[in-house]
Amino acid sequence: MEFANGNIAILEVARAYATDKIQPRTSLKIIKQETGATAFMFSTSEPANVYYTLDGSRPTYSSPKVALAGMREGVQSITVYSDPTVIWFSIDIAGNMESNYKPDGQGSNYNKQRVDVQ
């Protein structure tokens, strides 16, 4: 009986993973602007991997992926020194793809935002 609650909690987590059909949602947030540089980060509705490009190309699984800034820290920020168009998509651990984007397809249902540098 001592471990029953822990075992039940493990089963609840496994069931939530197995029945997860909710796509993640992301947004780009500017966090710091200085002369000649702008830093931004991605905000996600749930834990998800975010793949992005800065050169205007379609993002794929080979594109850079947002990483953790460090142990027990949030995600890294990205600093740019020109005015790129950031294109990205996200996928959660259950395989739910934001906007049903197909990284290996031809669609354009990815996220896109221009980042201006002052």
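Right above here is the structure, for reference.
A brief report on the enclosed structure follows. (Residues numbered from 1 in each chain as written. Predicted model: local features only at pLDDT ≥ 70, side-chain atom pairs only at ≥ 80, totals over all residues. Heavy atoms only, no water.)

1. Digging into the pattern of salt bridges
Alright, step 1. Evaluation of the coordinates by the stated rule reveals three salt bridges.
Alright, step 2. Salt-bridge contacts for lysine 32 lead to glutamate 34; the nearest nitrogen and oxygen are separated by 3.2 Å.
Alright, step 3. Judged by relative accessible area, glutamate 34 falls into the partly exposed class, the value being 41%.
Alright, step 4. Between arginine 114 and aspartate 116 there is a salt bridge whose closest N-O contact spans 3.2 Å.
Alright, step 5. The exposure class of arginine 114 is partly exposed, given its relative accessible area of 47%.
Alright, step 6. Residue aspartate 116 is classed as partly exposed on the basis of its relative accessible area of 39%.
Alright, step 7. One continuous salt-bridge network, built from bridges that share partners, spans Asp83, Arg114 and Asp116. (Salt bridge = Lys/Arg side-chain N within 4 Å of Asp/Glu carboxyl O. Buried < 20%, exposed > 50% of the residue type's maximum accessible area, 1.4 Å probe, protein only.)

2. Let's talk about the nonpolar core
Most often, soluble globular proteins have nonpolar side chains that are buried together.
Alright, step 1. Core analysis: the largest hydrophobic core is formed by twelve residues, namely Leu28, Phe40, Phe42, Val50, Tyr52, Val66, Ile78, Val80, Val86, Trp88, Val115 and Val117.
Alright, step 2. Taken together, the elements giving at least two residues each to this core come down to strand S2 (37-44), strand S3 (48-53), strand S4 (78-80) and strand S5 (85-92).
Alright, step 3. In this structure, valine 66 is in contact with Phe42, Val50, Tyr52, Val75, Gln76 and Ile78, ignoring residues within four places of it in sequence.
Alright, step 4. Residues Phe89, Ile91, Met97 and Tyr101 belong to the second largest nonpolar core, which totals five residues. (Core = buried A, V, L, I, M, F, W, Y, C linked by side-chain atoms within 4.5 Å. Helix = DSSP H or I, 4+ residues; strand = E, 2+ residues; numbered from the N terminus. Contact = heavy atoms within 4.5 Å.)

3. Regarding unusual backbone geometry
Alright, step 1. A positive phi is found at serine 99, a non-glycine position, where the angle reads about 55 degrees.
Alright, step 2. Mapping serine 99 onto the fold places it in the loop between S5 and strand S6 (111-114).
Alright, step 3. With a phi angle near 55 degrees, asparagine 100 is a residue other than glycine that sits in the positive phi range.
Alright, step 4. Relative to the helices and strands, asparagine 100 resides in the loop between S5 and S6.

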